[in-house]
Amino acid sequence: MTIELSIVPEVGNRGSVTKVDRAAYLGNLLKLRRTTDLSWLNTLRDQAYAIAQEMAIPSTRDEDWRFTDLSQLVSFNWQPAAIDQPLKACDSLVVAEAKTRLVFMNGVYQPQRSKVTDLPDGIFVGDLSQLSAPHLEQISTYLGKQAGAEEVFTALNTASLTDVAVVWVSRNAAIADPIHLVFLSRTDGQPTFSQPRCLVIAEPGSALTLVEEFASADKHAPYFSNAVTELYVADNAQVNHTRIQWESQTAFHIGKTAVSQGRDSRYACNAIHFGAGLSRHNFEVTQLGEQADTQLMGLTLLDSDRTADTHSLIAFSKPYGTATQINKCIADDKSHGIFNGRIYVPKLAQQTDASQLSRNLLMSPKARIDTKPQLEIVADNVKCAHGATVSQLEDEEVFYLQSRGIGEEDARKLLKFAFANEIIEKIPVESLRTTLMDTVRSQSQAE
């Protein structure tokens with residue numbers, strides 16, 4: 001790994017400095033971690049700390065980061081986010097169907113702002129400190145054990161673990177109402193750094209719907225949110241997951257979603273990215289059992305000079321697996337959208353059926369899209385396909401709507417909404433679909 005020349009002894013220092021020793025910078029971020037009294041958690045943290053100490057903040061010289069420049073992120077002197085901040089305003093969603101709502105502020109559970117009522121037997125929703133003794137004994141076999149745990153930002157998060165949002169659905173248990181997890185970031189006027197963590201365990205035969213939200217509680221200062229979510233979808237389990245990121249436009253958001261699936265499991269995710277000045281979502285799904293099914297839908301809306309990067313991996317390991325991925329990005333102004341989607345099919349994964357599509361819409365001549373759908377197939381009896389398109393609005397489509405009495409500007413807004421709505425309409429929570437549709441409409445009207 002190439003390390004840039006060290007000129008700055010402390011974490012990021014704005015000014016005339018143009019290069020930062022990114023290994024030293026990461027080391028200083030590691031020093032910001034708080035202590036914990038749980039011995040088993042300290043063991044996990046120390047292991048991740050040792051891994052992270054050998055690494056550095058990525059640069060555009062790293063292949064996986066060549067389109068995403070973190071120079072602005074490493075120019076800040078990040079400080080630990082306050083554990084408890086007064087909540088004066090919040091852009092959080094209202095999910096009417098969700099009777100259970102956990103709120104975390106700067107990565108720390110806020111019981112006074114949360115609501116947990118009428119949970120069916122066999123279902124736990126809470127933070128790490130509320131786990132029952134049996135679950136507490138088992139959690140060390142799950143937390144931090146997903147594939148990709150040694151990735152630099154994942155290791156940084158694990159090394160600093162103090163609190164975790166936990167959703168645990170026991171064998172054959174099911175909950176009809178969605179569970180809403182809210183991760184808020186709030187600053188005290190200076191650049192702050194927080195690391196939310198989430199663990200979802202769906203035991204064999206279980207079913208749940210999860211809404212995971214990352215939002216800002218203020219817009220007064222830059223902040224950096226480094227989030228990790230681990231999901232275990234066991235044999236015959238079903239998880240429908242909606243991940244919404246609409247952080248402040250001054251925010252840096254780096255997120256990891258790591259999923260493992262057992263035999264005959266079903267996992268579906270709608271990942272919606274509306275916020276942050278610079279964001280990156282690493283999505284990694286591993287099918288560990290036969291006949292597992294994965295559905296990944298993504299939508300990113302960009303304007304101004306914002307950058308959003310989605311990197312995904314769907315890895316098969318057994319026969320008869322299926323997967324469908326559709327990722328869409330709408331880029332306006334001088335924004336930059338990035339997608340790198342990889343599907344890996346080894347020799348053991350015969351009879352795999354997988355498809356991947358990256359569709360992108362440029363609303364401005366100065367906007368930019370970099371997309372790379374990628375198939376790696378070793379098996380010889382599979383059905384796999386991928387494709388990518390980057391285009392502007394078709395003049396014929398605009399003209400068709402104009403011929404029906406719709407003005408040109410309204411026609412363009414309508415087409416933009418239709419492009420985005422194909423993803424939003426797949427979200428299974430009605431109130432959430434309505435809110436997101438209204439958000440897309442309002443952004444179109446603001447042009």
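Residues numbered from 1 in each chain as written. Predicted model: local features only at pLDDT ≥ 70, side-chain atom pairs only at ≥ 80, totals over all residues. Heavy atoms only, no water.

1. A few points about the overall build of the protein chain
Helices and strands together make up the secondary structure of the protein chain, namely 7 helices and 21 strands. Against the compact-globule benchmark of 22 Å for 447 residues, the protein chain has a radius of gyration of 22 Å, which places it among compact chains. Considering only C-alpha atoms, the protein chain reaches an extent of 70 × 60 × 50 Å along its principal axes. Among the 447 residues that make up the protein chain, the fraction classed as buried is 56%. With the model as given, the accessible surface of the protein chain reaches about 18,500 Å², and the carbon-plus-sulfur share is 48%. Computed over 42 positive and 54 negative side-chain charges, the inter-centroid distance for the protein chain is 2 Å. (Helix = DSSP H or I, 4+ residues; strand = E, 2+ residues; numbered from the N terminus. Rg over C-alpha atoms; globule rule 2.2 N^0.38 Å. Buried < 20%, exposed > 50% of the residue type's maximum accessible area, 1.4 Å probe, protein only. Areas by Shrake-Rupley, 256 points an atom, 1.4 Å probe, with all protein chains shown as cover. Lys, Arg positive; Asp, Glu negative; His and termini not counted. Charge placed at Lys NZ, Arg CZ, Asp CG, Glu CD.)

2. Re the nonpolar core
Core analysis: the largest hydrophobic core is formed by 38 residues, its most contacted members being Val167, Ile179, Leu181, Leu208, Leu210, Tyr267 and Phe316. Look past the residues within four positions of valine 167 in its chain and what remains in contact with it is Phe124, Val125, Ile179, Leu181, Leu199, Val200, Ile201, Leu208 and Leu210. Leu93, Val95, Met297 and Val429 belong to the second largest nonpolar core, which has 33 residues in total. (Core = buried A, V, L, I, M, F, W, Y, C linked by side-chain atoms within 4.5 Å. Contact = heavy atoms within 4.5 Å.)

3. What to know about the packing of helix H2 (residues 39–53) against helix H4 (residues 152–159)
Where H2 meets H4, the axes come as close as 7 Å, and the angle between the chain directions of the two elements is 145°. As for the relative orientation of H2 and H4, their crossing is left-handed in sense. Contacts between H2 and H4 pair Leu44, Arg45, Ala48, Tyr49, Ile51 and Ala52 from the former with Ala155, Thr158 and Ala159 from the latter. Across the contact of H2 with H4, the residue classes break down as 7 nonpolar, 1 polar and 1 charged. (Axes fitted to C-alpha atoms, helices over the stretch in contact; angles between N-to-C directions. Left-handed = near helix turned anticlockwise from the far one by under 90°. Nonpolar A, V, L, I, M, F, W, Y, C, P; charged D, E, K, R; others polar.)

4. Describing the sheet that holds strand S19 (residues 353–362)
Read across the sheet, 10 strands follow the order S3-S2-S6-S9-S11-S13-S15-S17-S19-S21 without closing on themselves; strand pairing throughout is mixed. Across the chains shown, the open sheet's two edge strands, defined by having one partner strand only, are strand S3 (108–109) and strand S21 (383–391). Looking at chain direction, strand S13 (residues 266–273) and strand S15 (residues 293–302) are connected through 8 bridges and run parallel. Considered in S15, the bridge of cysteine 269 is made with leucine 296. (Pairing = 2+ DSSP bridges.)

5. As for H2
Given 3.6 residues per helical turn, the α-helix brings residues three or four places apart onto the same face. Taking 1.5 Å of rise per residue, 15 residues should cover 21 Å, and H2 covers 21 Å from first to last C-alpha, within 8% of that figure. Within the span of H2, buried status applies to Leu41, Leu44, Arg45, Ala48 and Ala52. Looking straight down H2, one finds its buried side chains confined to an arc of 95°; they lie on one side. On its buried face, H2 sits against helix H1 (22–30) and H4. (Expected span 1.5 Å × (residues − 1). Arc of directions from axis to C-beta.)

6. Thoughts on the pairing of strand S12 (residues 251–261)
Among the 11 residues in S12, 11 count as buried, and that is most of the element. Here S12 shows a buried face lined by Ala251, His253, Gly255, Thr257, Val259 and Gln261 and a second buried face lined by Phe252, Ile254, Lys256, Ala258 and Ser260. Pairing analysis gives 10 bridges linking S12 to strand S14 (residues 278–287), with the strands arranged parallel. Each residue of the ladder has a partner; that of histidine 253, found in S14, is serine 279.

7. A few points about unusual backbone geometry
If you check the backbone angles, serine 304 has positive phi at about 55° while not being a glycine. Mapped onto the elements, serine 304 comes out in the loop between S15 and strand S16 (307–316). Residue aspartate 333 is not a glycine yet carries a positive backbone phi of 55°. You can see aspartate 333 is positioned in the loop between strand S17 (322–331) and strand S18 (336–345).

8. Quick word on the pairing of strand S10 (residues 223–233)
Most of S10 sits out of view: 11 of its 11 residues are buried. Here strand S7 (residues 192–194) runs beside S10; their pairing, made up of 3 bridges, is parallel. Paired with phenylalanine 193 across the bridge in S10 is phenylalanine 224. When strand S8 (residues 197–202) meets S10, the two strands line up parallel, connected through 6 bridges. Directly across from cysteine 198, in S10, lies its bridge partner threonine 229. Looking at chain direction, S10 and S12 are connected through 11 bridges and run parallel. The residue of S12 that forms the bridge with asparagine 226 is isoleucine 254.

9. Overview of the packing of H1 against H4
To describe two helices that pack against each other, one gives the angle between their axes and the distance between the axes. Running from N to C, H1 and H4 cross one another at 25°; their axes reach a closest spacing of 10 Å. In terms of their interaxial angle, H1 and H4 are classed as roughly parallel. Between H1 and H4, the residues in contact are Leu26, Leu29 and Leu30 and Val152, Leu156 and Ala159, respectively. Class assignment of the residues belonging to the contact of H1 with H4 gives a composition of 6 nonpolar, no polar and no charged. (Parallel < 35°, antiparallel > 145°, perpendicular 65-115°, else oblique.)

10. Quick word on the packing of aromatic side chains
On inspection of all chains with the given rule, the structure shows 13 aromatic pairs. Look at tryptophan 78 and phenylalanine 224: their rings are 5.9 Å apart centre to centre, the planes differ by 50°, and that puts the pair in the tilted class. Here phenylalanine 224 lies in strand S10 and tryptophan 78 lies in the loop between H2 and strand S1 (79–80), a separation of 146 residues in the sequence. According to the relative accessible area criterion, tryptophan 78 is buried, its value standing at 1%. (Phe/Tyr/Trp six-rings, centres within 6.5 Å; stacked < 30°, edge-to-face > 60°.)

11. Some details on the state of the cysteines
Scanning all chains against the criterion turns up 0 disulfides. Of all cysteine sulfurs in the structure, the one in cysteine 269 sits closest to cysteine 198, which takes part in no disulfide; the separation is 12 Å. The buried category is assigned to cysteine 198, whose relative accessible area is 1%. Here cysteine 329 is not cross-linked by a disulfide; its sulfur's nearest cysteine counterpart is in cysteine 269, at 17 Å. (Disulfide = S-S within 2.5 Å.)

12. Focus on the side chain of threonine 242
Summarising the element assignment, threonine 242 is placed in strand S11 (residues 238–246). With a relative accessible area of 1%, threonine 242 lands in the buried category.

13. Some points on H4
By the criterion of burial, H4 is predominantly enclosed, with 8 of the 8 residues buried. For H4, the set of buried residues is Val152, Phe153, Thr154, Ala155, Leu156, Asn157, Thr158 and Ala159. Buried residues belonging to H4 abut H1, H2, S7, S8, S10 and S12. One side-chain oxygen of the residue at the start of H4 lies 3.2 Å from the amide nitrogen of phenylalanine 153, identifying that residue as glutamate 151. (Polar contact = N/O pair within 3.5 Å; in protein donor to acceptor, adjacent residues only side chain to side chain.)

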